[in-house]
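Observations on the model geometry
What follows is each chain in one-letter form.
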Amino acid sequence: VQLVESGGGLVQPGGSLRLSCVASGRTLSDLNVGWFRQPPGKEREFVASIRWQGGTTAYGDSLKGRFTISKDMSKNTVYLQMNSLKPEDTAVYYCAAGSRLIYSMFGVPSSYTHWGQGTLVTVSS
């Protein structure tokens, strides 16, 4: 499966962005699509994940309420709506896909076998 992210950019604190991840190349029916991020000089961390069939979601600690993951099956696209952005949200955001994930594995990077190139989000005034 191929994943292409878009929607990153520069935004002021308190602003919003919506990232998109378009998936192609195989059936998505057994996949989870997740978002991870890597702040400058830090390790990659879990943001959110959604199961393609059924729509079960999971979020990283403290992100639910500001970030919302969703999907559009007609467009093979997963979105990450990010609101009330803070400077500490600055990172490269990656889209990833993994198959047949159980819920407890939604936030584990090694559960995902395919990764996009990433899109940079910078939150700064």
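Data block above holds the structure.
Thresholds applied
- Residues numbered from 1 in each chain as written.
- Predicted model: local features only at pLDDT ≥ 70, side-chain atom pairs only at ≥ 80, totals over all residues.
- Heavy atoms only, no water.
- Phe/Tyr/Trp six-rings, centres within 6.5 Å; stacked < 30°, edge-to-face > 60°.
- Buried < 20%, exposed > 50% of the residue type's maximum accessible area, 1.4 Å probe, protein only.
- Lys NZ or Arg CZ within 6 Å of the ring centre and 35° of its normal.
- Helix = DSSP H or I, 4+ residues; strand = E, 2+ residues; numbered from the N terminus.
- Pairing = 2+ DSSP bridges.
- Disulfide = S-S within 2.5 Å.
- Salt bridge = Lys/Arg side-chain N within 4 Å of Asp/Glu carboxyl O.

Structural notes on the packing of aromatic side chains
Following the criterion strictly, the structure yields 6 aromatic pairs and no others. Both rings, one in Tyr103 and one in Phe106, keep their centres 5.0 Å apart while their planes meet at 50 degrees; by these two values the pair is tilted. Overall, Phe106 belongs to the buried group, its relative accessible area being 1%. Here a set of aromatic residues connected by ring pairs shows up, and it is made of Phe36, Phe46, Tyr94, Tyr112 and Trp115. The residue whose ring lies beneath Arg44 is Tyr94, and the NZ or CZ to ring-centre distance is 4.1 Å. Lying across the ring of Trp115, Arg44 places its NZ or CZ 4.7 Å from the centre.

Thoughts on the pairing of strand E5 (residues 45–51)
Burial within E5 is extensive, with 5 of its 7 residues counted as buried. Adjacent in sequence and paired antiparallel, strand E4 (residues 31–38) and E5 are bridged by 6 residues, among which Gly41 carries a positive phi angle near 75 degrees. In the sheet, E5 pairs with strand E6 (residues 57–59) via 3 bridges, with the strands oriented antiparallel. For Ala48, the partnering residue across the bridge sits in E6 and is Tyr59. Here E5 hands over to E6 after 5 residues, with Gly54 in that stretch at a positive phi of 100 degrees.

Things to note about the state of the cysteines
In the structure shown here, the tally under the stated rule is 1 disulfide. Here Cys21 is linked by a disulfide to Cys95, with a sulfur-sulfur distance of 1.9 Å. With the S-S bond torsion at -70 degrees, the cross-link from Cys21 to Cys95 turns out left-handed. You can see Cys21 sitting in strand E3 (residues 17–24) and its partner Cys95 sitting in strand E9 (residues 91–99), a full 74 residues away along the chain. Classification of Cys21 as buried rests on a relative accessible area of 1%.

Side note on the pattern of salt bridges
On inspection of all chains with the given rule, the structure shows 4 salt bridges. Among the salt bridges present, the one from Glu45 reaches Arg37, with a minimum N-O distance of 2.5 Å. The residue Arg66 makes a salt bridge to Asp89 at a minimum N-O spacing of 2.7 Å. One end of the pair, Arg66, is in the loop between E6 and strand E7 (67–72); the other, Asp89, is in the loop between strand E8 (77–82) and E9, with 23 residues separating them in the sequence. On the basis of relative accessible area, Arg66 is assigned to the buried category, the value being 15%.

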